[in-house]
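Here is how the chains run, residue by residue.
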Amino acid sequence: MNQIQQLKYKYARLNVLEKIIAINVVVFLFALLLRRLVPILFVWLRLPSDFIDFLYKPWTIISYGFLHFDPLHMLFNMLWLYFLGRIMLNLFSPKMALNIYFMGIISGGLAFLLGYNLLPKLFLQPAYLIGASAGVRAILIFLCTYMPNKELRFFTFNLKLWWIGAVLIGFDIINIFSGQNAGGNLAHLGGALLGFVYAKQLVKGQDIGTGFSRFMDWITGVFKSRPSTNLKTVHKQKGKVAGYKKEEFNQFNNQKKVDTILDKISKSGYDSLSKEEKEFLFKAGK
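Residues numbered from 1 in each chain as written. Predicted model: local features only at pLDDT ≥ 70, side-chain atom pairs only at ≥ 80, totals over all residues. Heavy atoms only, no water.

A. Main features of the nonpolar core. Of all hydrophobic cores here, the largest spans 61 residues; its most connected members are M88, F92, M96, I100, Y101, I139 and F142. Broken down by secondary-structure element, the contributors of at least two residues to this core are helix 2 (16-34), helix 6 (71-91), helix 7 (94-118), helix 8 (133-146), helix 9 (161-178), helix 10 (182-203), helix 13 (254-268) and helix 14 (275-285). Those residues in contact with I139 that sit more than four places away from it in its chain are L17, L81, L84, M88, A97, I100 and Y101. Residues F42, L67, F69 and I130 belong to the second largest nonpolar core, which totals five residues. (Core = buried A, V, L, I, M, F, W, Y, C linked by side-chain atoms within 4.5 Å. Buried < 20%, exposed > 50% of the residue type's maximum accessible area, 1.4 Å probe, protein only. Helix = DSSP H or I, 4+ residues; strand = E, 2+ residues; numbered from the N terminus. Contact = heavy atoms within 4.5 Å.)

Right, here's the structure in full:
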């Protein structure tokens, strides 16, 4: 097995968010090599603050999220994404994680554009937006909203997720009005808002990423040489929880119940869960 095959094999074994990290690292290395040689290339990838300029380059509403020039900026974004991804993918499907991430990127980009075009006195100089922070912030605030009391170990003490989210949003608001990376912090808030709304609607049983997911499936399908025929029909079984009779399911301990429901999500997706299963998973997350 040559090196290229080994890299392909290792890449295939990564989860979806780790693949996003790998792509960001590769793009960063290319940017490091080509930024001075072909600077015009990155003008077509970053998100401009001028709305008319954006209309000529609409793809930048997503492409900016893969572009980093500062190694520390890239490093911290990818570390956040790695650790948050471990929590996210233990509870939710890879498709939902991607929905939140990319919808967060888009929401952050729209917040940036709206800020610069509707509040010109606050954002005086033209700018551009790069980095995955809005997508990372969307996943973070989604988790903070969905399971606010989950604790993370920080050295010798525990921190609740909602504490972390509240502090970061507070810093974003302060930085906007202090002029420190105002556009970037505005994008953070756009991503955070998406994560908050997504979680609130999911608690009510509505996955607002379904339409976006179908759109992305259509986009990827356009580039496939032939359509996939491996279609799956999901049937919800009444009177059962995650495929077990209620009497059997109730005999499991809480961790076994959670694992059973997560196994169902991995096989059939979050939408295959019954209302009772969604409510149990939500309570377990708290």
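B. Local environment of empty space enclosed by the protein. Taken as a whole and judged by the stated rule, the model has one cavity of 30 Å³ or more. N15, L17, E18, I21, L81, Y82, G85 and R86 are the residues that line the largest cavity. In terms of residue count, the dominant contributor to the lining of the largest cavity is helix 6 (four residues). Classifying every residue of the lining of the largest cavity gives four nonpolar, two polar and two charged. (1 Å grid on protein atoms, 1.4 Å probe; cavity = no way out; pocket = protein on both sides within 12 Å on 5 of 7 lines; lining within 4 Å. Points joined across faces, edges and corners; volume = space filled by probe spheres on them. Nonpolar A, V, L, I, M, F, W, Y, C, P; charged D, E, K, R; others polar.)

C. Looking closely at the packing of aromatic side chains. By the definition in use, this model includes 13 aromatic pairs. Relative to F102, the ring of Y101 has its centre 5.3 Å away and its plane inclined at 85°; by these criteria the two rings are edge-to-face. Both residues of the pair, Y101 and F102, belong to the buried class. Seen in terms of ring centroids, F112 and Y116 are 4.9 Å apart; in terms of plane orientation they differ by 50°. Their pairing is tilted. With F112 and Y116 both in helix 7 and four residues apart, the pair spans about one turn of that helix. The burial state of F112 is the same as that of Y116; both residues are buried. An aromatic cluster is defined as three or more aromatic residues linked by ring pairs; in this entry it consists of F92, F142, Y146 and Y198. (Phe/Tyr/Trp six-rings, centres within 6.5 Å; stacked < 30°, edge-to-face > 60°.)

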